[in-house]
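Structural overview for review
Each chain is listed here by its residues.
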Number of protein chains: 2
Amino acid sequence: MKKMLLLYVVVIGTLMAYLYMVYFREDNGGLSENAGLHGKTDERYVMVNFLTGIDYWKNSLKGFEDAAEALGVSVEYRGSTQYDVQEEVMVLEQVIARSPSGIAVSAINSEALNAAINKAVEAGIPVVMFDSDAPDSDAYSFLGTNNYNAGVTAAREMAELTGGQGEVGIISLPNQLNHQERTRGFSDTLAKEFPKLRLVGIEDGKGDQLVTEQKSLELMERYPGLTGIFVTEANGGVGAGNAVLQAEKIDKVHIISFDTDKGTLDMVKSGTISATLAQGTWNMGYWSLMHLFHLHNELAEPMPDWRSSDVPPLPTYVDTGITVVTESNVDQFYAK
Amino acid sequence: MKKMLLLYVVVIGTLMAYLYMVYFREDNGGLSENAGLHGKTDERYVMVNFLTGIDYWKNSLKGFEDAAEALGVSVEYRGSTQYDVQEEVMVLEQVIARSPSGIAVSAINSEALNAAINKAVEAGIPVVMFDSDAPDSDAYSFLGTNNYNAGVTAAREMAELTGGQGEVGIISLPNQLNHQERTRGFSDTLAKEFPKLRLVGIEDGKGDQLVTEQKSLELMERYPGLTGIFVTEANGGVGAGNAVLQAEKIDKVHIISFDTDKGTLDMVKSGTISATLAQGTWNMGYWSLMHLFHLHNELAEPMPDWRSSDVPPLPTYVDTGITVVTESNVDQFYAK
């Protein structure tokens, strides 16, 4: 009987010790829960873009997902499968109708989505833009590449490759704002900093590999002293590379391309393309979600009711940067 | 004896149920702890600037503190009390010697702090710049106003105030980069968008209220058709306001000033100053700490070992925006 009582006391004692520990740990847990940024389980953020299937978006989606994981919220990925303005508008309208916690939009066109974006903002749904802006919309911020600066970087790299001498051409998409800016940054910088590196032609590569190859061949024929070609968009790089291979001018004509498609990276690795410019796509996605999270949870600039204020609650523009990819660092840029 | 055994079974059963619950809750707790951004208690971030006593810094410090509170880390505020380059360098060196988790620096001078900043980065201490950049240093990002764009905004506001007609002057600090950019944004925009609003003079107000008052009086005398003055720095606004009061030209000459000192806000409220430009200072501090936290905890762009990589781990530039403050929204800008 005495033994039983002793056992009984030990068991009760253990239980009480456990209760104390649980209480103690809960207290700590509570503190650390308050002192952290994390969302509620019903927070749902949506990324909306166009040409959803292309490789280019993978990194920004990864950034969006990484931020969501860090904050304990969920994300969704929607967009138009085609390069179709109306389809993206429709998808965005459907997303808005389901009242998500926030939407990050990459605009297929700088104007066409404004009405839908403004409708979301009016309904109290935070919207930020990434990669391609809609500058006249009511979206709270834009996160993407400063394309003018990317052109400046390309020009300085070209000067280094060519010794700042000779004639260079640009192959671009002259009707798209991003590409106009890249072209302008490049040509302004040549004029200001490298007067001996003359810009002899700006061609329309139509965002197409074969057209860019043809235009590159024409440029090399017309200007036998050509020392460089700057291709402002992703599909053309390999085309320009093929042209230079075909003309057997690898050592004479330096190509600078844009983005990090596998074909482009392969040509950087083999030395056919001298350099390509990588955009900070992971950062676009990651910080887009951070911005939306801060808006949704009213952690942004502490103005009373930022929704009805004209004070920008967030940084208005985040420049996600550019990296020059050459043979020496190309291995870091292959998709993992 | 049987009764005791029953009691014993009940107690053991309760204990096991408890153990199960604790395990279950720990599992949940573990998840929610993983799913949040929060620092360790020993994380300590330092903000370093100059003229530490002035009101201008209050909002960026508040942003820095708000982010630290959200993340559960601690902050410190250091800097030179005087407008003294050597003092800020010395303070920064002292801060580095104590190996903080990260440092946000506002540079008194775009060059003088480079060596100290680079030393910190080499030692593995993350550094970001806010408000005033050191563009040639190894700091990972810059968070501040786009001063050229602020000048553009001022020009458009001036055109609205004056009906886009007449003669305007600028009072600036012609030797400082920030003020050169504001001036350039203003004058470029007049030339491009408002050819009937002519820029007649750019004066040096020396960052001083009385000098700016004198220069404003001179401008109004020399150009009787003057319709506006853009003052690019904080101290001059009240000086220009006093000049216009003295000359009894309140209805003729519109003043646009910079920043939100109490004196400036009072003159906006009374209608002497037509508008002033508020910088996104809270956002500078808040997002500086976010950047440092991401660097210290290696949450930034997932490149293997970003410290030795040439890929920018963070967005390289964050434009914290500008708000036009007029009579209608001035009340939001008084310090709380």
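In this text, all values refer to a predicted model and were calculated from it rather than measured experimentally. (Residues numbered from 1 in each chain as written. Chains lettered and ligands numbered in written order. Predicted model: local features only at pLDDT ≥ 70, side-chain atom pairs only at ≥ 80, totals over all residues. Heavy atoms only, no water.)

1. Here's the deal with the overall build of chain A
Scanning chain A from terminus to terminus reveals 10 helices and 12 strands. Taking 336 residues into account, the globule formula puts the C-alpha radius of gyration at 20 Å, and chain A, at 27 Å, lies well above it. Dimensions of chain A, computed from the C-alpha atoms along their principal axes, are close to 105 × 50 × 35 Å. Residues classed as buried in chain A amount to 55% of the 336 residues present. A separation threshold of at least 6 residues defines the contact pool for chain A, and within that pool the share at least 24 residues apart is 73%. When the accessible area of chain A is evaluated, it comes to approximately 15000 Å², of which 53% is carbon and sulfur surface. (Helix = DSSP H or I, 4+ residues; strand = E, 2+ residues; numbered from the N terminus. Rg over C-alpha atoms; globule rule 2.2 N^0.38 Å. Buried < 20%, exposed > 50% of the residue type's maximum accessible area, 1.4 Å probe, protein only. Contact = heavy atoms within 4.5 Å. Areas by Shrake-Rupley, 256 points an atom, 1.4 Å probe, with all protein chains shown as cover.)

2. Some points on the UniProt feature "domain: Periplasmic binding protein" (unreviewed entry) in chain A
When the UniProt feature table is mapped onto this chain, "domain: Periplasmic binding protein" (unreviewed entry) is found at residues 47-293 of chain A. Between the end C-alpha atoms of residues 47-293 of chain A there is a gap of 13 Å, over a span that is 47% helix and 21% strand. (UniProt positions renumbered as here; feature names shortened; annotations may be inferred.)

3. As for the packing of aromatic side chains
Applying the stated criterion across every chain, the model contains 17 aromatic pairs over all chains. Ring plane angle 20° and centroid distance 4.7 Å describe the contact between A:Trp282 and A:Tyr286, whose orientation is recorded as stacked. Taken together, the residues A:Trp282 and A:Tyr286, both in helix α10 (residues 281-296) and four residues apart, mark about one turn of the helix. Considered together, A:Trp282 and A:Tyr286 belong to a single accessibility category, that of buried residues. Through a chain of ring-to-ring contacts, three or more aromatic side chains come together here, namely A:Trp282, A:Tyr286, A:Trp287, B:Trp282, B:Tyr286 and B:Trp287. (Phe/Tyr/Trp six-rings, centres within 6.5 Å; stacked < 30°, edge-to-face > 60°.)

4. Here's the deal with the environment of A:Leu295
Residues and elements named next belong to chain A. Counting through the fold element by element, Leu-295 comes out in helix α10. Linking Leu-295 and Thr-81, residues 214 residues apart in sequence, is a C-alpha distance of 28 Å. Setting aside its immediate chain neighbours within four residues, Leu-295 contacts Pro-126, Val-128, Tyr-140, Ala-300, Trp-306, Pro-313 and Leu-314.

5. Section: the pattern of salt bridges
Evaluation of the coordinates by the stated rule reveals 26 salt bridges over all chains. Of the charged contacts in the structure, one is a salt bridge between A:Lys62 and A:Asp66, with a shortest N-O distance of 3.0 Å. Within this pair, A:Lys62 and its partner A:Asp66 are both found in helix α2 (residues 58-71), separated by four residues, close to a single helical turn. Look at A:Lys62 and you get partly exposed, because its relative accessible area is 37%. Here B:Lys40 makes a salt bridge to B:Glu43, at a shortest N to O gap of 3.8 Å. Using a relative accessible area of 0% as the deciding quantity, one classes B:Glu43 as buried. (Salt bridge = Lys/Arg side-chain N within 4 Å of Asp/Glu carboxyl O.)

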